Every structure is written in structure tokens, then in C-alpha cells.
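Examination of the molecular architecture
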Amino acid sequence: MNGEHTCLLATVESDAHMWNLVYLQLWLSEHGVSVKNLGSCTPVEDILQVLAQGRTQLLVISSVNGHGHYQGLALIEEIRRRYPNLPCVIGGKLTTSQDQTRAVRQQLLTAGFDQVFIEADAIAAFECYLDTFKKRARPPFVLGTDTALSWT
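Let me sum up the structure you'll find in this document.

Thresholds, definitions, all that
- Residues numbered from 1 in each chain as written.
- Predicted model: local features only at pLDDT ≥ 70, side-chain atom pairs only at ≥ 80, totals over all residues.
- Heavy atoms only, no water.
- Axes fitted to C-alpha atoms, helices over the stretch in contact; angles between N-to-C directions.
- Helix = DSSP H or I, 4+ residues; strand = E, 2+ residues; numbered from the N terminus.
- Parallel < 35°, antiparallel > 145°, perpendicular 65-115°, else oblique.
- Left-handed = near helix turned anticlockwise from the far one by under 90°.
- Contact = heavy atoms within 4.5 Å.
- Nonpolar A, V, L, I, M, F, W, Y, C, P; charged D, E, K, R; others polar.
- Phe/Tyr/Trp six-rings, centres within 6.5 Å; stacked < 30°, edge-to-face > 60°.
- Buried < 20%, exposed > 50% of the residue type's maximum accessible area, 1.4 Å probe, protein only.
- Polar contact = N/O pair within 3.5 Å; in protein donor to acceptor, adjacent residues only side chain to side chain.
- Arc of directions from axis to C-beta.
- Pairing = 2+ DSSP bridges.
- Right-handed = clockwise from strand over helix to strand, strands pointing away.

**Some words on the packing of helix α3 (residues 68–82) against helix α4 (residues 98–111)**
One can describe the packing of α3 onto α4 by two numbers: an axis separation of 9 Å at closest approach and a directional angle of 15°. With respect to α4, the axis of α3 lies roughly parallel. As for the relative orientation of α3 and α4, their crossing is right-handed in sense. Of the residues in α4, those in contact with H69, G72, L73, I76 and R80 of α3 are V104, Q107, L108 and A111. Among the residues forming the contact of α3 with α4, the class breakdown is five nonpolar, three polar and one charged.

What follows is the structure, encoded as C-alpha cells:
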């Protein structure tokens, strides 16, 4: 992506963990992605404010506190209302049990996330997604007059 595309990296509001975000920021940077990391305990409004700037090409939500599922659903609902075409992914420890995480994966996809990365192969699967994303990425989008995103 060579710095011309921006990835917005955040977590859900209740997740105070930062190490996962630092790791992903470094990992994405090593893969040629320009990253804006909003840090831990990210309020939905902060994410929406950055998205309104019109430079985000990919939203990545990482959660390790076990509450990513519920708060991720609320977040993607807000995102899809304003930015229906923005690529959005979520991953990490999204519930308090691995069996529950597998079960809620489909809920998160149905709600609007493009991919949900869980299990031991999450990073490998994310890398495959990122490679595909970079191949099809278009120029940065900007806000249209109706607050929907359009490509320039």
C-alpha cells in the first residue's frame, strides 16, 4: 500500500489492552500499510471522527478482553450506517470462550464486518486478506455530499 492508503486501527471501548494494537501497527507497517492507531479504549465517536476525514481505506478492530463481540456489533452498526462500503475487519479474543467466539463469528460477518479473524491462524488469514485487499484497493475515498463515501 506504500503509504498512500491508510488503515485505521482501534479497539472496542472497554478494551484497555494496548500490546495487540502496537503489534498490529508494526505488523501492518512492515506490510507497507500506513497506519493510524487510535489506542486502547477507543470510543466509537473517535473512530467516526477519523473516518470523517476521508483518508481511511481499511478499518481494523482488535480486541483481547473478551467483549469485542458485543461492542464490535454496536460499532459496525454505526460504521455501516455512515460508510456502507468501507472495508472493516475484526479479530482477537472476541468472547470469553473459544467456543463462543466461533459461534459469534457469523453474527459479526452478518452485521457487516468483511472478515473476522480468530483462532491460531488469524494472522496468516489476515495476511491473505491484506494481500487481496492491496491488489484491489482503489485511490483514497472522500466524503460525498450525503456523507456516503465515494472514490476519487
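Don't stop here, the text continues.
**Section: the packing of aromatic side chains**
Taken as a whole and judged by the stated rule, the model has four aromatic pairs. Taking the centre distance of 5.1 Å and the plane angle of 45° together, the rings of F117 and F126 count as tilted. By relative accessible area, which is 8% here, F117 ends up buried. Members of the aromatic cluster, joined through ring pairs, are W27, F117, F126, Y129 and F133.

**Focus: the side chain of T95**
Looking at where T95 falls in the secondary structure, it is placed in the loop between β4 (88–92) and α4. What makes T95 buried here is its relative accessible area of 5%. Among the polar contacts made by the side chain of T95, one reaches the main-chain carbonyl oxygen of S97 at a distance of 2.6 Å. With near-sequence residues (within four places) excluded, T95 lies in contact with G66, H69, Q100, T101 and V104.

**Quick notes on helix α2 (residues 44–51)**
One full turn of an α-helix is made of 3.6 residues, so residues set three or four places apart face in the same direction. Turning to α2, its buried residues are I47, L48, V50 and L51. Each buried residue of α2 lies within a common arc of 160° when the element is viewed along its axis, so the set occupies one face. Looking at the packing, one finds that the buried side of α2 touches β1 (6–10), β2 (34–37), β3 (56–63) and α3.

**Quick notes on the pairing of β2**
Burial of the side chains of β2 is restricted to one face: V35 and N37 are buried, whereas none of S34 and K36 on the reverse face is. Two elements, β1 and β2, share four bridges in a ladder whose sense is parallel. Bridge pairing in β2 links T6 to S34. Tracing the backbone out of β1, into helix α1 (residues 19–30) and back to the parallel element β2 gives a crossover that is right-handed.

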